[in-house]
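# Summary of structural features
Residues per chain, in single letters:
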Amino acid sequence: MNTHLLLQLVVNGLIVGALYGVVAMSFVLIYKASQVVNFAQGEFLLIGAWVCWWLLTTYQLPFLVGMLVTFAFMLVFGIALQIVVLRPLIGEPIISVIMVTIGLSIFFQALCKWLFGVFAQPFPPIFATQQVSFLGLEIQTVYLMSLGISVAMMAAFGWFFRYSKHGLAMRATAFNQQVAQSLGISVRNVFALAWAISAVVSSVAGIVVGIVNGVSSALSLYGIKVFPAVILGGLDSVVGAVIGGLVIGLLENLAQYVDGQYLHWGNLYEIVPFYVLVVILMIKPYGLFGTRDIERV
């Protein structure tokens, strides 16, 4: 057994899993507010990464400035998308809204290919040191940055839902939209806020993955790749999203180790999350922390 390689993959899996957890929280945020599964979530990663890349390469902005400008753009983009496209669908069947998010996914994919091309583009050098050594392990600097940002965002989400006025309004809306309206909460504003925050949070993951692998349309696949983590934790559980992301990230890297050392199938890394998705749906359809929906007739 190659213990050093196994430990390296476990550490990488936990770091990548934290990033998966951040994207999974974006899924949960929209679902908790509007009961809609956003299948255009991966395109939020893609758009955020392309915008940041464009700012850094065209205007030569410092990375931190470019990232903050990208966050501001994604905030406005999320609000505008909800107001222009999704707000008119309030009251329509959920399946109609879901189909619209699938249409948005296809549209944004085509738009990004038209604007930026179909080939992967590397980010400009961000860090003076690309890797750091820790206890004999080699960890990419961008992964350490993503881990710090992920932990900060998880803490911010916890504070937001527990103590902030808007977070409490969002929790009330998720519990019952009619009751929330009767208490004076603007459900429309809550929906817009949920989409805006989801877009900003997803762009963080897009930028990190773009720095590592380059920016291309393949980034949007992370929206589907993270979906097993959402199902594992529970569609309406923020804590579950974090734990689901960590579990999926760890399982992916352990599958890579087992496949590389013993099985040699070649694609176990890619398909293990979806095996987990099928098993979880068979055993616990609401996920580990999801709320069971009981209907009495």
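Preceding block: the structure.
Worth saying up front: this structure is predicted, and the values here are computed from it rather than measured.

### Concerning the packing of helix α5 (residues 141-163) against helix α6 (residues 165-175)
At a minimum axis separation of 5 Å, α5 and α6 run at an interaxial angle of 75°. If you check the angle between α5 and α6, you find them roughly perpendicular. In contact with F160, F161, R162 and Y163 of α5, α6 contributes K165, H166, G167, L168, M170 and R171. Of the residues assigned to the contact of α5 with α6, the class counts are five nonpolar, two polar and three charged.

### Remarks on the nonpolar core
Membership of the largest hydrophobic core comes to 89 residues, with the highest contact counts inside it found for F63, F123, F157, M170 and I207. Take this core: its biggest share by element is 15 residues, from helix α8 (residues 187-213). Apart from residues lying up to four places away in sequence, I207 is in contact with G48, A49, C52, F63, M67, T70, F71 and F123.

### Considering α5
A rise of 1.5 Å per residue sets the reference length of α5, with its 23 residues, at 33 Å; its end C-alpha atoms lie 33 Å apart and thus fit the reference within 8%. Of all the residues in α5, the buried ones are T141, V142, Y143, M145, S146, I149, S150, M153, F157, F160 and F161.

### Section: the environment of A174
Secondary-structure assignment places A174 in helix α6. Each C-alpha atom, one on A174 and one on T70, is 28 Å from the other, the two residues being 104 residues apart in sequence. Discounting residues that sit within four places of it in the chain, A174 has contacts with K32, A33 and Q35.

Analysis parameters
- Residues numbered from 1 in each chain as written.
- Predicted model: local features only at pLDDT ≥ 70, side-chain atom pairs only at ≥ 80, totals over all residues.
- Heavy atoms only, no water.
- Axes fitted to C-alpha atoms, helices over the stretch in contact; angles between N-to-C directions.
- Helix = DSSP H or I, 4+ residues; strand = E, 2+ residues; numbered from the N terminus.
- Parallel < 35°, antiparallel > 145°, perpendicular 65-115°, else oblique.
- Contact = heavy atoms within 4.5 Å.
- Nonpolar A, V, L, I, M, F, W, Y, C, P; charged D, E, K, R; others polar.
- Core = buried A, V, L, I, M, F, W, Y, C linked by side-chain atoms within 4.5 Å.
- Buried < 20%, exposed > 50% of the residue type's maximum accessible area, 1.4 Å probe, protein only.
- Expected span 1.5 Å × (residues − 1).

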